[in-house]
Amino acid sequence: MSEKDCIFCRIVRGEIPCARVYEDDAVLAFLDLGPVRPGHTLLVPKAHCATLLELPGDFGPALIAGLKKVGRAVMAATGATGFHVLQNNFSSAGQSVFHAHWHIIPREDGDGLNLWPQGAYPDSASMQETAAAIAAQL
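Note that the coordinates shown come from a computational prediction; the quantities given were computed from them, not determined experimentally.

## Observations regarding the pairing of strand β3 (residues 41-45)
Here is step 1 of the chain: For β3, a buried count of five out of five residues is recorded, marking the element as mostly surrounded by other parts of the structure.
Here is step 2 of the chain: Side chains T41, L43 and P45 of β3 all project onto a buried face; the interleaved residues L42 and V44 project onto the opposite face, where all are buried too.
Here is step 3 of the chain: With five bridges joining them, strand β2 (residues 27-31) and β3 adopt antiparallel strand pairing. Across the sheet, L31 pairs through a bridge with T41, a residue of β3.
Here is step 4 of the chain: Pairing analysis gives three bridges linking β3 to strand β5 (residues 102-107), with the strands arranged antiparallel. The residue bridging L42 from the neighbouring strand is H103, located in β5.

Printed below as a string of structure tokens:
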């Protein structure tokens, strides 16, 4: 998808309205139209990058600064006692808008939200084998 057609790029350019909560030179934050919980906010880089793997290496400080500011604000505004930061890459991981973005989801103790089932490796050897396979790709 091109920058011209990307819905998040269009939001960044002001062509599509949003419930804006924060903006600086590098990022824009706005409420998700399909929130998991009230206050669910998206943080997007202003530059178009389809996935995390396309982000410039120097984007990290702007990302962390934005996540910290917006995370604190979401907690304060919603009364949440914590928050998740989630980011999906590629269709198989649930990415539906191909512009890198982070979900900031407010949480409270006992809110009943379960995001994924926990699993386990069958044994220590299979865990070590998986770790070695990943390390070999680095």
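## So, the packing of aromatic side chains
Here is step 1 of the chain: Summed over all chains, the structure comprises two aromatic pairs.
Here is step 2 of the chain: For the ring pair F8 and F30, a centre distance of 5.6 Å and an interplane angle of 75 degrees mean the geometry is edge-to-face. With F8 in helix α1 (residues 7-12) and F30 in strand β2, this pair connects stretches of sequence that are 22 residues apart.
Here is step 3 of the chain: We classify F30 as buried; its relative accessible area is 4%.
Here is step 4 of the chain: Aromatic side chains F59 and W102 sit 6.4 Å apart centroid to centroid with 35 degrees between the ring planes, which places their arrangement in the tilted category.

## Here we look at the nonpolar core
Here is step 1 of the chain: Counting 14 residues, the largest nonpolar core has L43, F59, L63, L67, V70, W102 and I104 as the members making the most contacts within it.
Here is step 2 of the chain: When contributions to this core are tallied by element, the ones reaching two or more residues are β2, α2 (60-78) and β5.
Here is step 3 of the chain: Ranked by residue count, the leading element in this core is α2, at four residues.
Here is step 4 of the chain: Not counting residues within four places of it along the chain, the set of residues in contact with L63 comprises L43 and W102.

## Examining the side chain of H99
Here is step 1 of the chain: Along the chain, the position of H99 falls in the loop between β4 (82-86) and β5.
Here is step 2 of the chain: One polar contact links the side chain of H99 to the main-chain carbonyl oxygen of P45, over a distance of 2.8 Å.
Here is step 3 of the chain: With residues near it in sequence (within four places) discarded, H99 still touches C6, F8, C9, V44, P45, K46, A47, H48, C49 and A50.

## Some words on the pattern of salt bridges
Here is step 1 of the chain: For the coordinates displayed, the defined rule picks out seven salt bridges.
Here is step 2 of the chain: E23 serves as the salt-bridge partner of R20, at 2.7 Å between the closest nitrogen and oxygen.
Here is step 3 of the chain: The exposure class assigned to R20 is partly exposed, which follows from its relative accessible area of 40%.
Here is step 4 of the chain: Of the residues examined, E23 reaches a relative accessible area of 37% and is grouped as partly exposed.
Here is step 5 of the chain: A salt bridge links E23 to K46; its shortest N-O distance comes to 2.7 Å. Taken together, the positions of E23 in strand β1 (residues 20-23) and K46 in the loop between β3 and α2 put the pair 23 residues apart, joining distant regions of the chain.

Calculation criteria
- Residues numbered from 1 in each chain as written.
- Predicted model: local features only at pLDDT ≥ 70, side-chain atom pairs only at ≥ 80, totals over all residues.
- Heavy atoms only, no water.
- Buried < 20%, exposed > 50% of the residue type's maximum accessible area, 1.4 Å probe, protein only.
- Helix = DSSP H or I, 4+ residues; strand = E, 2+ residues; numbered from the N terminus.
- Pairing = 2+ DSSP bridges.
- Phe/Tyr/Trp six-rings, centres within 6.5 Å; stacked < 30°, edge-to-face > 60°.
- Core = buried A, V, L, I, M, F, W, Y, C linked by side-chain atoms within 4.5 Å.
- Contact = heavy atoms within 4.5 Å.
- Polar contact = N/O pair within 3.5 Å; in protein donor to acceptor, adjacent residues only side chain to side chain.
- Salt bridge = Lys/Arg side-chain N within 4 Å of Asp/Glu carboxyl O.

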